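This is what each chain is made of:
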Amino acid sequence: MSKNELTRIKKEARDQIIQVKNIKELDELKIKYLGKKGILTQLLRGLKDVAQEERAQVGKTLNEMKEEIGSLVKDKEAKIQEVAIGAKLKEESIDITLPGKPLGLGKLHIITQVMEEIKDIFIKMGFAVAEGPEVETDYYNFEALNMEQEHPARDMWSTLYIDSKNNTLLRTHTSPVQIRVMEKESPPVRIIVPGKVYRHDLDISHAPMFHQVEGLWVDKEVTFSDLKGTLSIFLKQIFASDVGIRFRPSFFPFTEPSAEVDISCVICKGKGCRVCKGTGWIEILGAGMVNPRVLKNVGYNPEEVIGYAFGMGVERIAMLKCGIDDIRLFFENDLRFLKQF
Ligand code: PHE
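The rules behind these values
- Residues numbered from 1 in each chain as written.
- Predicted model: local features only at pLDDT ≥ 70, side-chain atom pairs only at ≥ 80, totals over all residues.
- Heavy atoms only, no water.
- Near = heavy atom within 4 Å.
- Polar contact = N/O pair within 3.5 Å; in protein donor to acceptor, adjacent residues only side chain to side chain.
- Areas by Shrake-Rupley, 256 points an atom, 1.4 Å probe, with all protein chains shown as cover.
- Helix = DSSP H or I, 4+ residues; strand = E, 2+ residues; numbered from the N terminus.
- Nonpolar A, V, L, I, M, F, W, Y, C, P; charged D, E, K, R; others polar.
- Buried < 20%, exposed > 50% of the residue type's maximum accessible area, 1.4 Å probe, protein only.
- Lys, Arg positive; Asp, Glu negative; His and termini not counted.
- Salt bridge = Lys/Arg side-chain N within 4 Å of Asp/Glu carboxyl O.
- Contact = heavy atoms within 4.5 Å.
- Pairing = 2+ DSSP bridges.
- Phe/Tyr/Trp six-rings, centres within 6.5 Å; stacked < 30°, edge-to-face > 60°.
- Lys NZ or Arg CZ within 6 Å of the ring centre and 35° of its normal.
- Axes fitted to C-alpha atoms, helices over the stretch in contact; angles between N-to-C directions.
- Parallel < 35°, antiparallel > 145°, perpendicular 65-115°, else oblique.
- Left-handed = near helix turned anticlockwise from the far one by under 90°.

1. A closer look at the site of the ligand
Now for step 1: Near the ligand lie 14 residues; those nearest to it are His173, Ser175, Arg199, Gln212 and Gly311.
Now for step 2: The separation between a nitrogen atom of the ligand and a polar side-chain atom of His173 is 2.9 Å.
Now for step 3: Within the side chain of Ser175, a nitrogen or oxygen atom sits 2.9 Å from a nitrogen atom of the ligand.
Now for step 4: Relative to its unbound accessible area of 320 Å², the ligand is 93% covered by the protein chains.
Now for step 5: Sorting the residues of the shell around the ligand by element identifies β6 (209-219), β9 (281-290) and β10 (306-313) as the ones contributing at least two each.
Now for step 6: Among the elements that take part in the shell around the ligand, β10 stands out by supplying three residues, more than any other.
Now for step 7: Taken together, the residues of the shell around the ligand break down into six nonpolar, six polar and two charged.

Okay, here's the thing in structure tokens:
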């Protein structure tokens, strides 16, 4: 058992302990050197065969080696545990520097936005807002508006009837609210009526449910020029100050004379395109002077008062304002569409 041999064993043990990566391997080394059948135990056992004069010295060296290797193992054990705890902590830790999941803010539907815009313009011009039921009677939707049973003009509205015995239907326009308000209030009446209306229609420009804004002004002196002026101001504000405006003669049973109002095509600026069917003009609303028969039906005296009325489709205005080519997009509730407005 030469001194060199012992030094070599010591060095080998230290090197191996330093290189060890986990507790299992460390335990194996511990057994290899310090176990019951371990190298050092064997060496200590062989001490009795060492020459008397060297025994004390070799014994001392061996004991020192045992202690040294023991403490190397202990240190290494602590180190391995430390690394393991560190790794575990890292693995289980929460990265608080990550930004949180954004909470999407809701917003108003584009139709509601345009509706609000339309209302604002008329409210500033002195109109009050009125509302009425969506399930109407035949009387308010047609008869009081100068369309008796079998009147051919009823064909202008593809009506959804609810109960023919009770004469109930889904209102086809907001005009019945004209009657309901005038029945209750005496003139002057100056209202707009925003609301849902229903028709038996479905294609890229017609939906079975859509929105209208009705307008009505009845007073002692209301002229067609007032109607033209009010609608021109409205159209310039909702579209553009340079939008072209055209009044065309038309027919509605509840107005006389009646007009349809066109604006110059917002897509091609009046040059003619697919949207305006090459005409450069787009129909945007119906209007006219309130038919004296309607005034009579609500108990007003047509000799004393006169008025104008108009009605417009909100989806149509929104489509032209935003360049949307299919009305159905409004009601499919696809967030990719709705979020754009
Ligand atoms: N109620 C008509 C429609 O829905 C529009 C309109 C309203 C026309 C008022 C004239 C006056 O088509």
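2. What about the side chain of Arg199?
Now for step 1: Inspection of the secondary structure puts Arg199 in the loop between β5 (189-198) and β6.
Now for step 2: Buried within the structure, Arg199 lacks any salt-bridge partner; its nearest side chain of opposite charge belongs to Asp201, at an N-O separation of 5.5 Å.
Now for step 3: In this structure the side chain of Arg199 is engaged in a polar contact, spanning 2.9 Å, whose partner is the backbone oxygen of Thr172.
Now for step 4: In contact with Arg199, other than residues within four places in its own chain, are Trp157, Ser158, Leu160, Thr172, His173, Ala207, Pro208, Phe210 and Gln212.

3. Topic: unusual backbone geometry
Now for step 1: Here the residue pair Pro187 and Pro188 is connected by a cis peptide bond, since its omega of 5 degrees sits within 30 degrees of zero.
Now for step 2: You can see Pro188 is positioned in the loop between α7 (176-184) and β5.
Now for step 3: Residues Glu256 and Pro257 are joined by a peptide bond in cis, for which omega reads -5 degrees.
Now for step 4: The topology assignment puts Pro257 in strand β8 (residues 255-264).
Now for step 5: In this structure, Lys269 takes a positive phi of about 60 degrees despite not being glycine.

4. So, the sheet that holds strand β1 (residues 128-129)
Now for step 1: Taken in spatial order, the seven strands of this open sheet run β1-β5-β6-β10-β9-β8-β7, and their pairing is mixed. The two strands at the open ends of the sheet, each matched to only one other strand, are β1 and β7 (245-252).

5. Regarding the packing of aromatic side chains
Now for step 1: A complete count under the given rule lists 13 aromatic pairs for this structure.
Now for step 2: Taking the centre distance of 6.3 Å and the plane angle of 65 degrees together, the rings of Phe224 and Phe247 count as edge-to-face. Of this pair, Phe224 sits in helix α8 (residues 224-238) while Phe247 sits in strand β7; the two residues are 23 residues apart in sequence, bridging distant segments of the chain.
Now for step 3: Owing to a relative accessible area of 28%, Phe224 belongs among the partly exposed residues under this scheme.
Now for step 4: Among the aromatic residues, ring-to-ring pairing joins Phe122, Phe127, Trp217, Phe234, Tyr308 and Phe310 into one connected group.
Now for step 5: Here the guanidinium or amino end of Arg190 rests over the ring plane of Trp217, the centre of that ring lying 4.3 Å away.
Now for step 6: Just above the ring of Phe247 sits the side chain of Lys228; from NZ or CZ to the centre is 5.5 Å.

6. Re the packing of helix α5 (residues 110-124) against α8
Now for step 1: At their nearest, the axes of α5 and α8 sit 10 Å apart, and the two run at 140 degrees to each other. As far as their axial angle goes, α8 and α5 are oblique. When you trace α5 past α8, the crossing you get is right-handed. From α5, Glu117, Ile118, Ile121 and Phe122 reach across to α8, where they touch Thr230, Phe234, Gln237 and Ile238.
Now for step 2: Partitioning the contact of α5 with α8 into residue classes produces five nonpolar, two polar and one charged.

7. Notes on the pairing of β9
Now for step 1: In terms of burial, β9 is a largely internal element, eight of the 10 residues being buried.
Now for step 2: Direction of pairing for β8 relative to β9: antiparallel, over a ladder of eight bridges. Each residue of the ladder has a partner; that of Ser264, found in β9, is Trp281.

8. Here we look at the pattern of salt bridges
Now for step 1: Summed over all chains, the structure comprises 16 salt bridges.
Now for step 2: Note that Glu28 is salt-bridged to Lys24, the shortest N-O span being 3.8 Å. Here Glu28 pairs with Lys24, and both are found in helix α2 (residues 23-34), just four residues apart, close to one helical turn.
Now for step 3: With a relative accessible area of 45%, Glu28 lands in the partly exposed category.
Now for step 4: Between Arg328 and Asp326 there is a salt bridge whose closest N-O contact spans 3.1 Å.
Now for step 5: Overall, Arg328 belongs to the partly exposed group, its relative accessible area being 31%.
Now for step 6: One connected set of salt bridges, linked through shared partners, spans Arg246, Arg248, Glu260 and Asp262.

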